[in-house]
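Commentary on secondary and tertiary structure
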Amino acid sequence: MNSNNYIPHPADLSAIELPQELLDLAQVISKNVHEVWSAGRMSEGWTFGPVRNDEKRETPCLVPFEELSDEEKAYDWNTAANTLKLIMSLGFEIKKKQ
């Protein structure tokens, strides 16, 4: 247990299945998640470095989304997909305009 006694309780989204259209949307969102993260890091003075170094504010993740490792891409995709699943679990519908 953490020293502050915080225990995360994310919503159980295991029963929510995204249709293909929203899986495709999750991919677009995941790229944007990375772009927003990268812009924020750069505005804080972070630059590309071969390994993460908090002291020097360097990270190997300051590259285009397509150049990220599969692990990093999956992190962003899971963020996007779980956000869409949460929206659906709360009763909202996500539709593309015709």
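Residues numbered from 1 in each chain as written. Predicted model: local features only at pLDDT ≥ 70, side-chain atom pairs only at ≥ 80, totals over all residues. Heavy atoms only, no water.

Some details on the overall build of the protein chain
Within the protein chain one finds 2 helices and 2 strands. Ordered by position from the N terminus, the helices and strands of the protein chain form the series α-β-β-α. What you see for the protein chain is a C-alpha radius of gyration of 17 Å, clearly larger than the 13 Å of a compact globule of 98 residues, by over 25%. Considered along the principal axes of its C-alpha atoms, the protein chain spans approximately 45 × 40 × 25 Å. Looking at the 98 residues of the protein chain, the share that counts as buried comes to 19%. In the protein chain, 10 side chains carry a positive charge and 16 a negative one; their mean positions are 5 Å apart. (Helix = DSSP H or I, 4+ residues; strand = E, 2+ residues; numbered from the N terminus. Rg over C-alpha atoms; globule rule 2.2 N^0.38 Å. Buried < 20%, exposed > 50% of the residue type's maximum accessible area, 1.4 Å probe, protein only. Lys, Arg positive; Asp, Glu negative; His and termini not counted. Charge placed at Lys NZ, Arg CZ, Asp CG, Glu CD.)

Examining the nonpolar core
The nonpolar side chains of a soluble globular protein tend to be buried with one another. In this structure, Leu-18, Leu-22, Ala-26, Ala-80, Ala-81 and Leu-84 together form the largest nonpolar core, which totals 6 residues. Taken together, the elements giving at least two residues each to this core come down to helix 1 (20–43) and helix 2 (70–89). In terms of residues, this core owes the most to one element, helix 2, which gives 3 residues. The residues contacting Leu-84, other than those within four sequence positions of it, are Leu-18, Leu-22, Leu-25, Ala-26, Ile-29 and Ile-94. (Core = buried A, V, L, I, M, F, W, Y, C linked by side-chain atoms within 4.5 Å. Contact = heavy atoms within 4.5 Å.)

So, the pattern of salt bridges
Summed over all chains, the structure comprises 4 salt bridges. One salt bridge in this structure joins Lys-31 and Glu-66, with 3.2 Å as the shortest N-O distance. Remark: Glu-66 occurs in the loop between strand 2 (58–59) and helix 2 and Lys-31 occurs in helix 1; sequence separation between them is 35 residues. You can call Lys-31 partly exposed: its relative accessible area is 35%. In this structure, the salt-bridge partner of Arg-41 is Glu-44, at a minimum N-O distance of 3.3 Å. Classification of Glu-44 as partly exposed rests on a relative accessible area of 42%. (Salt bridge = Lys/Arg side-chain N within 4 Å of Asp/Glu carboxyl O.)

Brief notes about helix 1
For helix 1, which comprises 24 residues, the first-to-last C-alpha distance of 35 Å matches the rise-based estimate of 34 Å (1.5 Å per residue) to within 8%. For helix 1, the complete set of buried residues consists of Leu-22, Ala-26, Ser-30, His-34 and Ser-38. On its buried face, helix 1 sits against helix 2. Phi turns positive one or two residues past the end of helix 1, at Gly-45, with a value near 95°. (Expected span 1.5 Å × (residues − 1).)

That's the geometry; what it means functionally is another story.
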